Structures are given as structure tokens and as C-alpha cells.
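# Structure at a glance
This is what each chain is made of:
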Amino acid sequence: MWMRRRTGEGKPVKETHVVAMFILVLVAGFLGELIGQHFVFGPLILGLVVPPGPPFGAGLMSKLDSLASGLLSDLPGNQWIGAVMVIGHYSNIPRHEAFVLGLIMNGRGIIELMVFNMWRQNKVLKDQGFSLLVISVIVVTGIITPLINFFYNPSSQYFMVKRNTIQHSKLESELKILVCIQNQEAVPTIINLLEVSHASEKRPLAVIGLILVELAGRTAPILITHQLDVHVPHNTTETSMQILNALRQYQQRCGRSTVVQSFTCVSHFKWMQEDICRVAMEKRANIVILPFHKQWAIDGTVGSLDRAIINMNINVIKKAPCSVAILIDRGILTGTGTVLAIQYIYHVAVIFIGGEDDAESLAYGARMAKHEIVDLTVARFIHFGDTNSKERRRDSELIDEYRQANAGNERFVIVEEMVKDAEGLSTGIRAMADCLDLILVGRSHPESPLLEGMGRWSDCPELGVIGDMLALPEFGMAASVLVVQQQRIGGNNAVNREFNKDQLIHDAPFDDEGKTSWTITMDKNDKK
């Protein structure tokens, strides 16, 4: 209780308290042996004494979690799988998850080996019986582990059946953007992107800043929540502190029209997509903005590469419960000042070829065009001779809808250009790139002669054909690029999953009868 009072609300656990707890564990173990009990008895009583919850209990758990997860990675359990499934049935746990839980509960780990070793030392077990039990632990673990990996996919919880996009959000609703920040150099471009996203009292903006910190060694991953209206914790890294200060300054400039939340994800990059998708789902984000694995030097060349980011981005693109965008940051080539401080016109272009990803880019660009410092150009490239296709008519209707919605806005311009092939498309994009600060483009597009042959030399498949071309240093432009993918309903594994039909509500901007929305219901017993 004294340590708890000394820690204080919202403050991290002091290192001296952590060391003191380690010493108390050793002392408690010694006292347990001294009174004739097992050495585990003393630390067990000590654990019951420690007050749970924040600030001390939760903080101490985060400090000691790496040790606990390393030693107690496999929980002991002698329950049968059938018993767990019966209990799961009465607890309204799906049978599939109850079966996986039963497999986990029947796993064997370090605790069993310690007990077996203690039995052997106390002559309860002979060497032959001890060897047989160790082999059984190895065999059971070897069987259960692949079964769990086969039957349980943790990313399935992120597959959504409701639209979480910019295009399908209501005009007056709050736009929620989750930005993933890896280093301090990316902050100016991200702040500029947020500032031109047009936060207003009628159309507020919610920013969730997620600082990505790569985990070293075998320490357990953690997710830290920051409060921007209080002091930065003393144990925060210098890079994280600079990012938090930048987010605090951004929130102060925007006032009530913007709400900023901040987290730090400390994990291995191969698992970091789970935290990103989980935060996006819990915060109901409309779009997740990811960093690109290449960083530019001031002379226009690629200064550094981070290969671990590639797999993280690909996994988030596959699993995200909302739209996803990858930010190719070239802000160092054009200066690092904020657009509101410099007060100059910010030139944005949307490259529109067709498809749902380009529609999402157009929706984001149209929101930016509401800002008084943004000059938006929608460059629509049409294949020469393709006049009566269904896709072209649908794209034309969408373009006309945004043209009517922005009538009278001189900073919203739509330019249509007829091109014959991929060479003409590349030439048209290159001609407009020099005068831009930001380019928005969809990640994937329907099959078109305009894209024929462009994917053969793709260096970054996570960017799509056009995004990969714009990311090439040889393309010779200084504008940053935002490659957008609209949310994929149901993810990649939507088939043969049970759906909650109450969640199957899909808001659409229009349909054939001019209605603003429709509702989809599904009977899970209907094989069609």
C-alpha cells in the first residue's frame, strides 16, 4: 500500500519499486522454505497481497510480464476437451472457439516439467517414469500446436460486415483516422495530411496516433496509452516524446474540431499488424494510414529501407477492418513546415482510373477540397474507344455526383483525359506531378488496357500498379503519395463463416432507385 501511494495515479512504476518486488519474491520464497513449506508458497501469498489494478498492480504487471510470459507461456490444465466444450456451450462460447480453448488447456509446459523434476528429486518418480513423462509433454505439445494454428485464426475477429470507409460515412459524421508513426521524420508530412483533412465543428476529425516501436529481444509486446493533456512519462523514448509533442501541438491548433488519442505499440513487426487492426476495430477507424518502407534523402534518392515494414503493411492490408492507405513520404524534398503555419495553397490530385479504391481516394480528396487552402484536381484517365462499358457509366455517375456536390467550389477541378495505353497514362501522370504536394491514388483497379504490362516490373506489390510507379525514384517527382485501398467487406476468409445478421447493414451513397442506403440480411442456413 505504501508503494501504491508513492506511485500516484497515471504515473509509471518506479524502478526502485520493481527491484524491491524482486527482492521480496526471493525473501518470501526463503521464508516459505524456512517454515517447512514449498518455496512457491511464499511468493504466492505475496502475490495475493499486491493490490490489483492501476496504478501499481497494472504497472507492475507490465514490468514483469516479460518474465511471466517467458516462464508461464504454457498454462497447465488437466481438463478434457469435451469438458471445456460443454462449459463453453453453457457460457455461450462458439463450439469452434471452445474446441481451441480445450486444446490450449490440455497443453503441457514448463510448470509440468518443474513438477516432474521435483517428483524425481523426492524419489516419487524413477528415471524411467520421468523420461516417459517428459516425452509425453513433447508429443502432446507437438500435436496440439499445429492443431491450434489450423483451427484458430486470430485475425478473423477483424473481418467486418459493415462499411467502415470514408466514401460510405455520413457527411456530418466524425472522420476517424488511425495514423501509424514509425519515426520523427514522418511527423511533418502526417501533420500536413491531417490538417488538410478538413476538421470543422460540423465535420469533426478524430485522430488516433499509434507510435510503432520495434521490440528487441524476447520481451513481451505491450500497448501503451498516452494522455496528451498531461506530462509525457519520464520513461518514454526520445523519438516517442517528440512525436507526442507534435501531436499535442496539432491538437492545440485545431481546438475542439479535432480529438487526438495516442498509443505506443511496442512489438515485433511480424506481430504488429494485430495491434494495429485491434486498435482500428476498437476505435471504429474509417482509415488506417501506414508508413512506407522507403525513406527519401534530401537529394531525392532512397536514403534508408526497412524491410520489416513490408510484411506488416501487407498483413494490415489483408486484415484491416476499415480502409487502408500507405503514405509515401517525400516531405523532406519540399520542406517540413506545416501548411497552416506557412499559409500557402496545398495542391492535391486524385488519379482516377476506376474501381472502389479510386472511389475511396476521391471521397478523401473531396473532403480535403472543403479546406480553404487546398486546391484539388481530379485527373480522370479514360481509355480511348471505351464508351459504353458498364464500369465507365458507373464511374461517370460517381464523378458527376461529386461534381454536383462541389458546384461553386473553384478549388475543386475535374480533368478528363483520353489515353490509349499504359505509356499515355504514365506520360499524363508525369506531366502533372511536378506542381503537386500530394497525390491520392487507389491501390487496385479493374482490368484495363491502360494498365496492361505495367505490373510485370512491380517492385512494391503492396502499392498496386500505379502506386508502385509513383514510388520509383526514377519517376522524378517530389510530391508525397497516398495509396488507398477501400475496406474489403468480410476480409479474405469471409466464406463459410457465421455472420451476425444484425451487423449486416451497409450504407451506400446511392443505388439504381436513387435511395441513400439499403439493408442486406442473410440467413446463415441458406446455402445460396
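A few points on the structure. From a predicted model like this one, the values you see are computed outputs, not experimental measurements. The numbering scheme is per chain: residues are counted from 1 as the chain's sequence reads. Local features in this predicted model are restricted to residues of pLDDT 70 or higher, and side-chain atom pairs are both shown and tallied only at a pLDDT of 80 or more, whereas totals for entire chains, interfaces and linings draw on every residue. As a convention, hydrogens and water are excluded, and side-chain values are obtained from all of the structure's heavy atoms.

Further remarks concern the pattern of salt bridges. A side chain with one charge can pair with a side chain of the opposite charge if their charged atoms come near. Definition used for salt bridges: Asp or Glu carboxyl oxygen within 4 Å of a side-chain nitrogen of Lys or Arg. In the structure shown here, the tally under the stated rule is 8 salt bridges. The network of salt bridges with common partners includes D275, R278 and E282.

The way it works is that DSSP assigns letters per residue, a run of H or I at least four long becomes a helix, a run of E at least two long becomes a strand, and they are numbered from the N terminus. Along the chain, G385 turns up in the loop between β10 (374-383) and α16 (390-405). Distance in space between the C-alpha atoms of G385 and M418 is 8.7 Å, their sequence separation being 33 residues.

It is worth spelling out the pairing of strand β12 (residues 438-442) at this point. For β12, a buried count of 5 out of 5 residues is recorded, marking the element as mostly surrounded by other parts of the structure. Where strand β9 (residues 346-352) and β12 come together, 4 bridges link them in parallel fashion. From the neighbouring strand, V350 faces β12, where its bridge partner is L440. Pairing geometry for β12 and strand β13 (residues 480-485), over 5 bridges, is parallel. Bridge pairing links I439 to V481 in β13. Considered for its hand, the β-α-β crossover made up of β12, helix α18 (residues 464-471) and β13 is right-handed. Partly exposed describes any residue whose relative accessible area lies between the buried limit of under 20% and the exposed limit of over 50%, with all areas from a 1.4 Å probe on protein chains only and scaled to the type maximum. The criterion for strand pairing is that DSSP finds at least two bridges linking the strands in question. Clockwise travel from the first strand over the helix to the second, with the strands pointing away from the viewer, marks a crossover as right-handed.

Axis definition: a line fit to C-alpha positions, over the contact stretch in the case of helices; interaxial angles, taken between N-to-C directions, run 0 to 180 degrees. Two elements in contact, helix α17 (residues 422-433) and α18, have axes whose closest approach is 12 Å; the angle formed by their N-to-C orientations is 50°. One element, α17, and the other, α18, form an angle in the oblique class. Read as a crossing pair, α17 and α18 show a hand that is right-handed. Contacts from L425, S426 and I429 of α17 reach α18 at I466, M469 and L470. Taken together, the residues that form the contact of α17 with α18 break down as 5 nonpolar, 1 polar and no charged. In this scheme, roughly parallel covers angles under 35 degrees and roughly antiparallel covers those over 145, while 65 to 115 is roughly perpendicular and the rest are oblique. Left-handed describes a crossing whose near helix is turned anticlockwise from the far helix through less than a right angle; right-handed describes the clockwise counterpart. Contact criterion: two residues are considered in contact whenever any of their non-hydrogen atoms come within 4.5 Å of each other. In the scheme used here, Gly and all other residues not listed as nonpolar or charged are polar, with Ala, Val, Leu, Ile, Met, Phe, Trp, Tyr, Cys and Pro taken as nonpolar and Asp, Glu, Lys and Arg as charged.

Here we take up a nonpolar patch on the surface. A cluster of nonpolar residues, V19, F22, I23, V27, F30, L31, L34, I35, F41, I45, L48 and V49, forms a patch on the protein surface that exposes about 1,200 Å² of accessible area. Counting residues per element, the ones that place at least two in the nonpolar patch are α2 (15-34) and α3 (41-49). Broken down by element, the nonpolar patch gets its largest block of residues, 7 residues, from α2. Relative to the helices and strands, F30 resides in helix α2. Its relative accessible area of 53% is what places F30 among the exposed residues. Patch criteria: residues need more than 30% relative accessible area and no salt bridge. Like-charged residues are merged within 9 Å; nonpolar side chains of Val, Leu, Ile, Met, Phe, Trp and Tyr are merged within 5 Å. Each accessible area is a Shrake-Rupley result for a 1.4 Å probe, and residues are judged covered by the shown protein chains and nothing else.

On to the side chain of R203, then. Position of R203 relative to the elements: it lies in the loop between α9 (187-195) and β2 (205-214). Residue class for R203 comes out buried when judged on its relative accessible area of 15%. Residue contacts for R203: discarding those within four places in its chain leaves L171, E172, S173, H198, R367 and K370.

The next thing to look at is the packing of aromatic side chains. In this analysis, rings of Phe, Tyr and Trp, with Trp reduced to its six-membered ring, are considered paired at centre separations within 6.5 Å, and the interplanar angle assigns stacked below 30 degrees, edge-to-face beyond 60, and tilted for intermediate values. This structure, assessed with the given rule, holds 3 aromatic pairs. Aromatic side chains F99 and F151 sit 5.2 Å apart centroid to centroid with 80° between the ring planes, which places their arrangement in the edge-to-face category. Placement of the pair is F99 in helix α6 (residues 95-105) and F151 in helix α8 (residues 127-151), with a sequence separation of 52 residues. For F99, a relative accessible area of 25% corresponds to the partly exposed category. Since its relative accessible area comes to 29%, F151 is described here as partly exposed. Ring centres of F150 and F151 lie 5.1 Å apart, and the angle between their planes is 85°; this geometry places the pair in the edge-to-face category. An aromatic cluster of at least three residues, connected via ring pairs, comprises F99, F150 and F151. Each ring is checked for a lysine NZ or an arginine CZ that lies within 6 Å of its centre and within 35 degrees of its normal; such an atom marks a charge sitting over the ring. The ring centre of F130 lies 4.4 Å from the NZ or CZ of R120, which sits over that ring. For R430, the ring lying beneath its charged end belongs to F475, and the centroid distance is 4.3 Å.

Attention shifts here to the state of the cysteines. Put simply, a disulfide is two cysteine sulfurs that come within 2.5 Å. Here the structure, examined in full by the defined rule, presents 0 disulfides. Not engaged in a disulfide, the cysteine C265 finds its nearest cysteine sulfur in C180; these two sulfurs lie 8.5 Å apart. Judged by its relative accessible area of 0%, C265 is buried.

Keep in mind that these numbers describe shape and distance, not what the molecule does.
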